[in-house]
Amino acid sequence: GENVGLHLPTLSVQEGDNSIINCAYSNSASDYFIWYKQESGKGPQFIIDIRSNMDKRQGQRVTVLLNKTVKHLSLQIAATQPGDSAVYFCAENIQGGSEKLVFGKGTKLTVNP
Amino acid sequence: EAGVAQSPRYKIIEKRQSVAFWCNPISGHATLYWYQQILGQGPKLLIQFQNNGVVDDSQLPKDRFSAERLKGVDSTLKIQPAKLEDSAVYLCASSGVTGTQYFGPGTRLTVL
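Residues numbered from 1 in each chain as written. Chains lettered and ligands numbered in written order. Predicted model: local features only at pLDDT ≥ 70, side-chain atom pairs only at ≥ 80, totals over all residues. Heavy atoms only, no water.

It is worth spelling out the nonpolar core at this point. Ranked by size, the top nonpolar core spans 21 residues in total, and within it B:F21, B:W34, B:L77, B:I79, B:Y90 and B:L109 carry the most contacts. Once residues lying within four places of it in the same chain are set aside, the contact partners of B:L77 are B:V19, B:A20, B:F21, B:W34, B:L46, B:L60, B:F65, B:S66, B:A67 and B:Y90. Formed by 19 residues, the second largest nonpolar core is a distinct cluster that contains A:Y25, A:F33, A:V62 and A:V64. (Core = buried A, V, L, I, M, F, W, Y, C linked by side-chain atoms within 4.5 Å. Buried < 20%, exposed > 50% of the residue type's maximum accessible area, 1.4 Å probe, protein only. Contact = heavy atoms within 4.5 Å.)

Another point: the interface of chain B and chain A. Counting residues at the interface gives 23 residues for chain B and 19 residues for chain A. Summed over the three residues of chain B that lose the most area to chain A, namely B:P43, B:Q101 and B:F103, the buried surface amounts to 26% of that side. Linking chain B with chain A are zero salt bridges. One can count three residue pairs in polar contact (both at pLDDT 80 or more) joining chain B with chain A. Every element with two or more residues in the side of chain B that touches chain A is listed here: strand 4 (31–37), strand 5 (44–50), strand 9 (88–95) and strand 10 (102–103) of chain B. The element best represented in the side of chain B that touches chain A is strand 4 of chain B, accounting for four residues. Looking at the side of chain B that touches chain A residue by residue, the class counts come to eight nonpolar, 13 polar and two charged. (Buried area = accessible area lost by both parts, 1.4 Å probe. Salt bridge = Lys/Arg side-chain N within 4 Å of Asp/Glu carboxyl O. Polar contact = N/O pair within 3.5 Å; in protein donor to acceptor, adjacent residues only side chain to side chain. Helix = DSSP H or I, 4+ residues; strand = E, 2+ residues; numbered from the N terminus. Nonpolar A, V, L, I, M, F, W, Y, C, P; charged D, E, K, R; others polar.)

Residue and element names in this part refer to chain A. Pairing of strand 5 (residues 56–58) with strand 6 (residues 62–67) involves three bridges; the strand directions are antiparallel. Among the inter-strand pairings, K56 is bridged to a residue of strand 6, identified as L65. Remark: three residues form the turn of the hairpin made by strand 5 and strand 6, two consecutive strands paired antiparallel; R61 in that turn has positive phi of roughly 65°. In terms of strand pairing, strand 6 meets strand 7 (residues 72–77) through six bridges, oriented antiparallel. From the neighbouring strand, L65 faces strand 7, where its bridge partner is S74. Counted between consecutive antiparallel strands, the loop separating strand 6 from strand 7 contains four residues, among which K71 sits at a positive phi close to 55°. (Pairing = 2+ DSSP bridges.)

Have a look at this one:
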């Protein structure tokens with residue numbers, strides 16, 4: 001069944017620390033994964049994506065790690081800033097491309113100054 | 001590049017009334033999606049259009065929800081009649097050739 005996003009619902013970190021947000025998925029057929037950031041009152045904002053033929057992808061201050069063996073996805077944010085405070089969602093795409101995305105429940109990240 | 005536009009941003013109605021939401025996708029994006037996001041949850045896909053055709057509407061409550069994208073650009077989502085449990089944020093997203101979905105700001109619906 002669809003079971004994306006088992007996680008700690010909240011994460012609190014100090015400004016400047018690194019943050020790690022985790023996500024588990026259950027559908028082994030999923031071949032594309034995306035992390036979104038959603039600030040209060042706004043729509044989800046694309047952060048980074050990764051396809052199943054990769055195990056790591058880096059962006060600006062963010063890294064996504066994919067472990068297909070244990071069906072685990074993580075988002076690492078380096079030098080976390082107050083502006084990073086938001087709810088983070090992982091989403092999986094079973095068919096690849098612009099197909100159906102299944103979102104998890106999200107993790108609320110709070111960055112303390 | 002302009003993002004996905006949605007209106008209205010907020011809407012309050014009484015149960016059994018009807019409501020409509022409008023979405024204008026990113027220029028050139030062929031695929032348009034409507035999601036429902038209940039407070040504290042992730043977005044759930046309601047319907048996906050490819051140009052003006054429906055690709056997936058398996059999770060759309062068709063007895064009360066309808067959506068159209070007649071000219072393959074703008075789209076409207078309608079609820080008639082609304083129920084209390086329809087209170088949520090309705091998000092529109094669009095994607096182009098890369099497949100990455102970009103979301104609009106959403107419409108927050110409150111049904112009293």
